[in-house]
Amino acid sequence: ELRVEALRPATDADQAHVSALRAFAEGQRLRALNTAESRLQAVAQYEQALVFFRASGDRFDEVLTAYRIGLVRANSSDFRSALDSLLAVMPLATALGEPNMTASVVNLSGGAFDALGDLGNALTYYDDARTRFRALGNLNGEAAALNNIGKIAYDTADVDDAVPEHRSRSSI
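Residues numbered from 1 in each chain as written. Predicted model: local features only at pLDDT ≥ 70, side-chain atom pairs only at ≥ 80, totals over all residues. Heavy atoms only, no water.

### Remarks on helix H5 (residues 99–115)
Taking 1.5 Å as the rise per residue, H5 with 17 residues should run 24 Å; its terminal C-alpha atoms sit 24 Å apart, in good agreement. Extensive coverage of H5 is indicated by the burial of 12 of its 17 residues. Residues of H5 that are buried: Met101, Thr102, Ala103, Val105, Val106, Asn107, Leu108, Ser109, Gly110, Ala112, Phe113 and Asp114. Packing partners of the buried residues in H5 comprise helix H3 (59–75), helix H4 (79–96), helix H6 (119–136) and helix H7 (139–155). Two residues or fewer after H5 comes glycine 117, characterised by a positive phi angle close to 85°. (Helix = DSSP H or I, 4+ residues; strand = E, 2+ residues; numbered from the N terminus. Expected span 1.5 Å × (residues − 1). Buried < 20%, exposed > 50% of the residue type's maximum accessible area, 1.4 Å probe, protein only. Contact = heavy atoms within 4.5 Å.)

Here it is, written out as structure tokens:
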């Protein structure tokens, strides 16, 4: 039998955190449906969760939620808004001291630059992400960043650079 016992009255921060978790969970549910409408609704839920996470002082979930907003916007081909969201959260992700989260934000930002046709910034961000993932020993992240770098080299007909990047990714 599960019993909940109040040890103290809920604070405003507690209530904000519970509201944030509910909105985030609903955003996750909607994102999983993966329709154009559900993605828009997911962003709205994540934006609501973001406000509540800020109010509750939960910086990790604030960064995670902002990242999810960028991810859903990118999956909806709204790359400019995705990039704006990701660049806005980058300083907070860095200050948080969660290096895997920061590397993920950097890598997804590279993807948004790539989709917008800004290959110079895309390569800069992908390479930064690769370096961060490698320093963390995150082989999956490093391989993803190398794959992205190789894709740009291939797309720009720079096969001499694309093949080594692909081989590096494959060896990870």
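Resuming the write-up.
### Observations regarding the confidence of the model for the protein chain
In low-pLDDT regions, the fine details of the predicted coordinates are not to be read closely. Of the residues in the protein chain, 91% have a pLDDT of 70 or more, and the chain-wide mean is 91. For the protein chain, helix H8 (residues 159–171) is the element with the lowest average pLDDT, namely 56, and H6 is the one with the highest, namely 97. (pLDDT = per-residue confidence, 0-100.)

### What to know about the environment of leucine 119
Structurally, leucine 119 can be placed in helix H6. Taking the C-alpha atoms as reference points, leucine 119 and alanine 157, separated by 38 residues in sequence, lie 13 Å from one another.

### Digging into the nonpolar core
Formed by 39 residues in total, the largest nonpolar core has its most connected members in Phe24, Tyr46, Tyr67, Met101, Val105 and Leu108. Those elements that provide at least two residues to this core are helix H1 (12–33), helix H2 (36–56), H3, H4, H5, H6 and H7. Tallying contributions element by element places H3 first for this core, with eight residues. Every residue in contact with leucine 108, bar those within four places of it in the chain, is listed here: Tyr67, Gly70, Leu71, Ala74 and Leu86. (Core = buried A, V, L, I, M, F, W, Y, C linked by side-chain atoms within 4.5 Å.)

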